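Analysis of the macromolecular model
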Amino acid sequence: MTSVGQYVVVGAILFALGLVGFLARRNLIVMFLSTEVMFQGVVLNAVAYARLHRHLDGQAFGLFLLVIAAVEAGLALGLIVMLYRRRGTLDAEAWSTMRG
Amino acid sequence: MSPATAYLLYFVFALGGIGVYFLMPQGGRPKRAVAAVFGVSALVALLLVLGTRVVSPDAPAGYFYLFATVAVLAAARVVTHPRPVYSALYFVLVVVAVAALLVLQGAEFLAIALVIIYAGAILVTYLFVIMLAQQSSVPTYDTRAREPFLAVLAGFVLMAAVAGRAGDLPSPAERATVPVAQPEGGEPVRSAPEGNTAAIGVALVTKYVIVLELSGVLLLVAMIGAIALARKCVPVEGYRPPPQPLGKVGKEVAPF
């Protein structure tokens, strides 16, 4: 069995890359793809800590995280389709007037 | 882990951050050569740091380096590629690499579920939407990132906060196993089922049964919500809406 620290570092890198993509990209679809990359980092970290503590809670958490990811993808893509029909563009800046 | 190795990790992350910054679409030609120099040097430094027992006393197996490299490189391309279709395809690579890393950690069931659900279901949905919103040429919002420097800075701070102390984690072999409390007078504790999949299955229907039912309800709610969101007004044969009286729109009837 290998150690946990390496997996935590890789998970943190995936999470941070997803955050960078979510903040920097303007395409709505790519923004949500970046959140999925963040989910991957979280799953990796959860499983690593589950192995550290020698129980299954982390893996069960990863499974429910898959459920959340599926729900999020379905709703987000429904929203994106609706927004695209309204404005004809996927640019997040097109909706910046919704800012408070 | 000494502070020096923590600074070493921060330095590696800074190198990778500079590489990602140059790889971001910023209008004009991307500086791929600069990005490649920084990215590859950051990756090599990261693998060296991870491999030379700095982060933890025992170095991981060889497959770890392969799949970690694939995952990190593909994730960098997901967030920087100007065409969403390629982003989605690189994301498949991320999913497969992460699934392999999960297998290395002994979470086989979760790895298979990840591949089936992500690469099989979620990604196909993403590709459908990308095809639906296809533009003939690459639009400007894909070739120009929004504040790439600040985004990379935020990611760097987050990564340093999360991963900077990763070396303080004990390795699983060092930990003393926690003694399991035996219930007094009750029935004896059943022996744990064999294998990862069986153990997860038992845990799902005993310890997490409420959460399991709740996630089913959540999926149903999300399905109804997604249908309601993406529904289109389909014209029905033989039905026409009642005509608005002329001259009243904008005066008595609100225009919006």
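Keep in mind that what you see is a predicted model, and the values were worked out from it rather than measured.

Re the overall build of chain A
Counting its secondary structure elements, chain A contains three helices and zero strands. Seen in sequence order, chain A has helices and strands lined up from the N terminus as α-α-α. Taking 2.2 N^0.38 as the reference for a compact globule, 100 residues should give roughly 13 Å; the C-alpha atoms of chain A span a radius of gyration of 17 Å, well beyond that estimate. Projected onto the principal axes, the alpha-carbon positions of chain A cover approximately 50 × 25 × 25 Å.

Considerations on the interface of chain B and chain A
Across the boundary between the two partners, chain B contributes 77 residues, which contact 63 residues of chain A. At the level of secondary structure, the elements contributing two or more residues to the side of chain B that touches chain A comprise helix 3 (62-80), helix 4 (84-104), helix 5 (108-132), helix 6 (140-143), helix 7 (148-163), helix 8 (196-206) and helix 9 (209-230) of chain B. At eleven residues, helix 5 of chain B tops the list of elements feeding residues into the side of chain B that touches chain A. For the side of chain B that touches chain A, the class distribution of residues is 62 nonpolar, eleven polar and four charged.

Structural notes on the nonpolar core
Counting 91 residues, the largest nonpolar core has Ala71, Ala75, Val94 and Val98 of chain B as the members making the most contacts within it. Apart from residues no more than four positions distant in its own chain, Val94 of chain B is found in contact with Val37 and Gln40 of chain A together with Ala71, Ala74, Ala75 and Val78 of chain B.

Some thoughts on unusual backbone geometry
A positive phi is found at Arg54 of chain A, a non-glycine position, where the angle reads about 55 degrees. Looking at the secondary structure, you find Arg54 of chain A in the loop between helix 2 (28-53) and helix 3 (57-87). Of note, the phi angle at Glu147 of chain B is positive, near 50 degrees, even though the residue is not glycine. Note on placement: Glu147 of chain B falls in the loop between helix 6 and helix 7. With 12 C-beta atoms counted inside 10 Å, the residue Glu147 of chain B sits in the exposed group.

Observations concerning the environment of Tyr7 of chain B
Summarising the element assignment, Tyr7 of chain B is placed in helix 1 (residues 3-23). In sequence terms Tyr7 of chain B and Val152 of chain B are 145 residues apart; their C-alpha atoms lie 18 Å from each other.

Points about the packing of helix 1 (residues 5-24) of chain A against helix 7 of chain B
Packing of helix 1 of chain A against helix 7 of chain B leaves a shortest axis separation of 8 Å and a crossing angle of 155 degrees. Taken together, the axis directions place helix 1 of chain A and helix 7 of chain B in an arrangement best described as roughly antiparallel. Seen from above, helix 1 of chain A lies across helix 7 of chain B with right-handed handedness. Residues Val8, Val9, Ala12, Ile13, Phe15, Ala16, Leu17, Leu19, Val20, Leu23 and Ala24 of chain A of helix 1 of chain A form the contact with helix 7 of chain B, whose own contacting residues are Pro148, Ala151, Val152, Ala154, Gly155, Leu158, Met159, Val162 and Ala163 of chain B.

Observations regarding helix 5 of chain B
All names here are of chain B. Given a rise of 1.5 Å per residue, 25 residues ought to cover 36 Å, and the 35 Å separating the end C-alpha atoms of helix 5 matches this to within 8%. Maximum bend of helix 5: about 35 degrees, positioned at Leu123. Within the span of helix 5, buried status applies to Leu110, Ala111, Leu114, Tyr118, Ile122, Tyr126, Val129 and Ile130.

Details of the confidence of the model for chain B
Residues and elements named next belong to chain B. Per-residue pLDDT for chain B has a mean of 78; in total, 75% of the residues score no lower than 70. Within chain B, the element-level pLDDT minimum falls on helix 6, averaging 76, and the maximum on helix 4, averaging 93. Of the regions scoring below 50 in pLDDT, residues 175-184 engages in four contacts with residues more than four places distant in sequence or in other chains.

What counts and how
Residues numbered from 1 in each chain as written. Chains lettered and ligands numbered in written order. Predicted model: local features only at pLDDT ≥ 70, side-chain atom pairs only at ≥ 80, totals over all residues. Helix = DSSP H or I, 4+ residues; strand = E, 2+ residues; numbered from the N terminus. Rg over C-alpha atoms; globule rule 2.2 N^0.38 Å. Contact = placed C-beta atoms within 7 Å. Nonpolar A, V, L, I, M, F, W, Y, C, P; charged D, E, K, R; others polar. Core = buried A, V, L, I, M, F, W, Y, C linked by C-beta atoms within 7 Å. Buried ≥ 20, exposed ≤ 12 C-beta atoms within 10 Å, placed from the backbone. Axes fitted to C-alpha atoms, helices over the stretch in contact; angles between N-to-C directions. Parallel < 35°, antiparallel > 145°, perpendicular 65-115°, else oblique. Left-handed = near helix turned anticlockwise from the far one by under 90°. Expected span 1.5 Å × (residues − 1). Bend = angle between axes of the 7 residues up to and from the residue. pLDDT = per-residue confidence, 0-100.

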